[in-house]
Amino acid sequence: MTTQVPSGIESSSATASVRMSWRAILFAPIGDDQRRRRGSDAVRLILASLAVLCAVLVLRSNSHPEDVIAHVLSPPPYGIRWLVTLIWIGEISSATEAPIDRSLLVAFVELVQSGPSGRVADIGCGPGRVAALLARSGLDAVGVDVSEGMLAAARKAHPRIPFEKGGLAALPFESEVLAGAVCWYSIIYTPPERLGEAFRELERVLVPGGHVLLGFQAGSCEPIRRQAAHGTNLPLTNYLHNPSGVAALLEEVGFTIFAQVVRAADLEHETSPQGFVIASRPVE
Ligand SMILES: C[S@@+](CC[C@H](N)C(=O)[O-])C[C@H]1O[C@@H](n2cnc3c(N)ncnc32)[C@H](O)[C@@H]1O
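This is a predicted model, so every value here is computed, not measured.

Quick word on the overall build of the chain
Step number 1: Scanning the chain for helices and strands turns up nine helices and nine strands.
Step number 2: Expressed as a percentage of its 284 residues, the buried residues of the chain come to 31%.
Step number 3: Put simply, 63% of the contacts in the chain that link residues at least 6 apart link residues at least 24 apart.

Examining the pairing of strand β1 (residues 119–123)
Step number 1: Counting buried residues along β1, four of its five residues qualify, which places the element largely inside the surrounding structure.
Step number 2: Alignment of β1 against strand β4 (residues 178–184), held across four bridges, turns out to be parallel. What sits directly across from A121, in β4, is A181.
Step number 3: Bridge count for β1 against strand β2 (residues 141–145) is four bridges, and the pairing is parallel. Along β2, the bridge assignment pairs A121 with V142.
Step number 4: The parallel pair β1 and β2 is bridged by helix α6 (residues 129–136), and the resulting crossover is right-handed.

Let's talk about the nonpolar core
The tendency in soluble globular proteins is for nonpolar side chains to be buried as a group.
Step number 1: Counting residues in hydrophobic clusters, the biggest one holds 55 residues, and the most contacted among them are I123, A131, L134, A181 and L214.
Step number 2: If we skip the residues at most four places from it in the chain, A181 touches A121, I123, L202, L206 and V212.

What to know about the confidence of the model for the chain
Step number 1: For the chain, per-residue confidence averages 84 on the pLDDT scale, and residues scoring 70 or more make up 74% of the total.
Step number 2: Confidence over residues 1–16 falls short of pLDDT 50; this stretch has one contact with residues more than four positions distant or in other chains.

What to know about the environment of V177
Step number 1: Mapped onto the elements of the fold, V177 is located in the loop between β3 (163–165) and β4.
Step number 2: Linking V177 and S117, residues 60 residues apart in sequence, is a C-alpha distance of 8.9 Å.
Step number 3: Residues within four places of V177 in sequence aside, it is in contact with G118, R119, V205 and V207.

Structural notes on unusual backbone geometry
Step number 1: Phi is positive for Y185, close to 60°, though the residue is something other than glycine.
Step number 2: Here C221, not a glycine, exhibits a phi torsion of approximately 75°, which is positive.
Step number 3: Taking the number of C-beta atoms within 10 Å as the measure of exposure, C221 has 14 and is therefore partly exposed.

What about helix α7 (residues 148–157)?
Step number 1: By the burial criterion, the buried members of α7 are L151, A154 and A157. Looking straight down α7, one finds that the buried residues subtend no more than 130° of arc, so they occupy a single side. Of the residues in α7, the exposed ones pointing more than 90 degrees away from the buried face are E148 and G149.

What counts, and at which threshold
Residues numbered from 1 in each chain as written. Predicted model: local features only at pLDDT ≥ 70, side-chain atom pairs only at ≥ 80, totals over all residues. Helix = DSSP H or I, 4+ residues; strand = E, 2+ residues; numbered from the N terminus. Buried ≥ 20, exposed ≤ 12 C-beta atoms within 10 Å, placed from the backbone. Contact = placed C-beta atoms within 7 Å. Pairing = 2+ DSSP bridges. Right-handed = clockwise from strand over helix to strand, strands pointing away. Core = buried A, V, L, I, M, F, W, Y, C linked by C-beta atoms within 7 Å. pLDDT = per-residue confidence, 0-100. Arc of directions from axis to C-beta.

Structure follows, in structure tokens:
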């Protein structure tokens, strides 16, 4: 006669043996070898996490990988401040620029790459976001700004890129040396009646066949006056330039218009349409 063992008993004894083997694994005394192995696994995990972090930051920032690694490893508070700036303010990315804006920057880079050689300037560079994108695209980038504070921030964020002091109406370059120039939201403080002066200066420094890209808030030349700009007590006026007027003025000083784009306000902080013009200095 055979005795049937209820299936519940079988499975509960199997569970107990599994539980025991886990206990055995967890609480078994470990030797020096195992401890060393666990230690080196932890070191490997930390190094791999750092590598992933660096890769993510390189992709987000358009910076040279060496710059990112130098910044990540630099002592606090600088490295930490840089990380916070990068994560919260960002470089040129989908978080800061609309798709059309980024595609125009890419188009500009390709135009410059297919044209005459020379340096490419980010004029009114601020913290150097566009200069970083140009450098990452393989161009010989240089940043220019009137503000010492902005230049200091740009040099800190992108130590491999040269940044020079200068204004739109007096650029720190010899004549006919630049293959390209980007004025990304830097003509917005120039009154419409002073734009011609800035465009003549751009024409002077560009080589024949060189290109310029302008980005700005678009409107009908109306000034926007603020009493406390960017959280300071400083009054600041910027202008909503007329895209057709900007293009006409560029033609007046000798440029050929390659593209003129106006897009609707799209990003959270935008209250007006945005205008973009790509123009070229003709080859004589
Ligand atoms: C709105 S910020 C844009 C900064 C940068 N292009 C970007 O997109 O991040 C304008 C910058 O233009 C600079 N700027 C304003 N007027 C300028 C001028 N006449 N010549 C050169 N830079 C100027 C300011 O100092 C500031 O850094």
